[in-house]
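Observations on the model geometry
One-letter residues, chain by chain:
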Amino acid sequence: SETARNSIYSMIYPGHEYTTDLIMRQFDQKNIPGDLRWVHLPPSTFFEAASHYYVSAHRRALAQKTKLLTIPLPLQKEQIFNPTFRSLKRRGEQLINALLLWYEFGARSLIPDLTETKSGDK
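For the rest of this paragraph, the subject is the overall build of the protein. From N to C terminus, the protein includes five helices and two strands. In the protein, buried positions account for 22% of the 122 residues. Contacts spanning at least 24 positions in sequence make up 66% of the contacts within the protein whose residues lie at least 6 apart. Total accessible area on the protein stands at roughly 9,300 Å², and carbon and sulfur atoms take up 60% of it.

Written as structure tokens, this is what we have:
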């Protein structure tokens, strides 16, 4: 739906400000599950996280009266560099694939096709 497509542009307030420490933890690969480590991701994901780290570090290093918040964040960015969101997205994609396989190879004959209308129905 259009709402789902546009939701990636939503601004989020994660409940805390992203500090350089929180972002920096991603670069210590011991903290990241094996399948979400940088070598298994596109280079753009690494560079997005590095970019956000430097923006955050710059904003936090400004003089006290000129500091800028690192929130809100677009949901689209959060999905790219946050390992929790990457994991949730991957699991959601796996669930959708499993449901499609279940339907294709087992349930199609058991579930009526809801797109077809019965004769006489309008």
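This part is about the layout of surface pockets. What the largest pocket holds in volume is close to 250 Å³. Lining the largest pocket are Asp-35, Leu-36, Leu-41, Pro-42, Thr-45, Gln-76, Gln-79, Ile-80, Arg-86, Lys-89, Arg-90 and Glu-93. Elements with a contribution of two residues or more to the lining of the largest pocket: helix 4 (75-81) and helix 5 (83-107). By residue number, the principal contributor to the lining of the largest pocket is helix 5, which donates four residues.

This next bit is on the environment of Phe-47. Looking at where Phe-47 falls in the secondary structure, it is placed in helix 3 (residues 43-61). A relative accessible area of 55% places Phe-47 in the exposed class. As for Phe-47 and Phe-81, which are separated by 34 residues in sequence, their C-alpha atoms are 8.9 Å apart.

A few words now on the confidence of the model for the protein. When pLDDT is averaged across the protein, the result is 75; 80% of the residues are at 70 or more. The least confident element of the protein is helix 1 (residues 2-6), whose mean pLDDT is 64; the most confident is helix 3, at 84.

With that settled, the discussion passes to the packing of aromatic side chains. Applying the stated rule across the entire model yields four aromatic pairs. Measuring from centroid to centroid gives 5.6 Å for Phe-27 and Phe-46, while their planes differ by 85°, and the two rings are edge-to-face. Taken as a pair, Phe-27 in the loop between helix 2 (20-24) and helix 3 and Phe-46 in helix 3 lie far apart in primary sequence, 19 residues in all. Since its relative accessible area comes to 26%, Phe-27 is described here as partly exposed. Look at Tyr-53 and Tyr-54: their rings are 5.1 Å apart centre to centre, the planes differ by 70°, and that puts the pair in the edge-to-face class. The class for Tyr-54 is exposed, based on a relative accessible area of 58%. Every member of this aromatic cluster is reached through a ring pair, and the members are Phe-27, Phe-46, Phe-47, Tyr-53 and Tyr-54.

Between the first and last C-alpha of helix 5 there are 34 Å, a value that for 25 residues agrees with the 36 Å anticipated at 1.5 Å per step. When we look at burial in helix 5, the residues that qualify are Pro-83, Arg-86, Ser-87 and Ala-107. Here the buried face of helix 5 lies against helix 3 and helix 4.

Moving on to helix 3. In this model helix 3 runs 27 Å from its N-terminal to its C-terminal C-alpha over 19 residues, within 8% of the 27 Å that 1.5 Å per residue would give. Among the residues making up helix 3, those that are buried are Thr-45, Glu-48, Ala-49, Ala-50, His-52, Tyr-53 and Ser-56. Tucked inside the fold, the buried residues of helix 3 contact helix 2, strand 2 (73-74), helix 4 and helix 5.

The rules behind these values
- Residues numbered from 1 in each chain as written.
- Predicted model: local features only at pLDDT ≥ 70, side-chain atom pairs only at ≥ 80, totals over all residues.
- Heavy atoms only, no water.
- Helix = DSSP H or I, 4+ residues; strand = E, 2+ residues; numbered from the N terminus.
- Buried < 20%, exposed > 50% of the residue type's maximum accessible area, 1.4 Å probe, protein only.
- Contact = heavy atoms within 4.5 Å.
- Areas by Shrake-Rupley, 256 points an atom, 1.4 Å probe, with all protein chains shown as cover.
- 1 Å grid on protein atoms, 1.4 Å probe; cavity = no way out; pocket = protein on both sides within 12 Å on 5 of 7 lines; lining within 4 Å.
- Points joined across faces, edges and corners; volume = space filled by probe spheres on them.
- pLDDT = per-residue confidence, 0-100.
- Phe/Tyr/Trp six-rings, centres within 6.5 Å; stacked < 30°, edge-to-face > 60°.
- Expected span 1.5 Å × (residues − 1).

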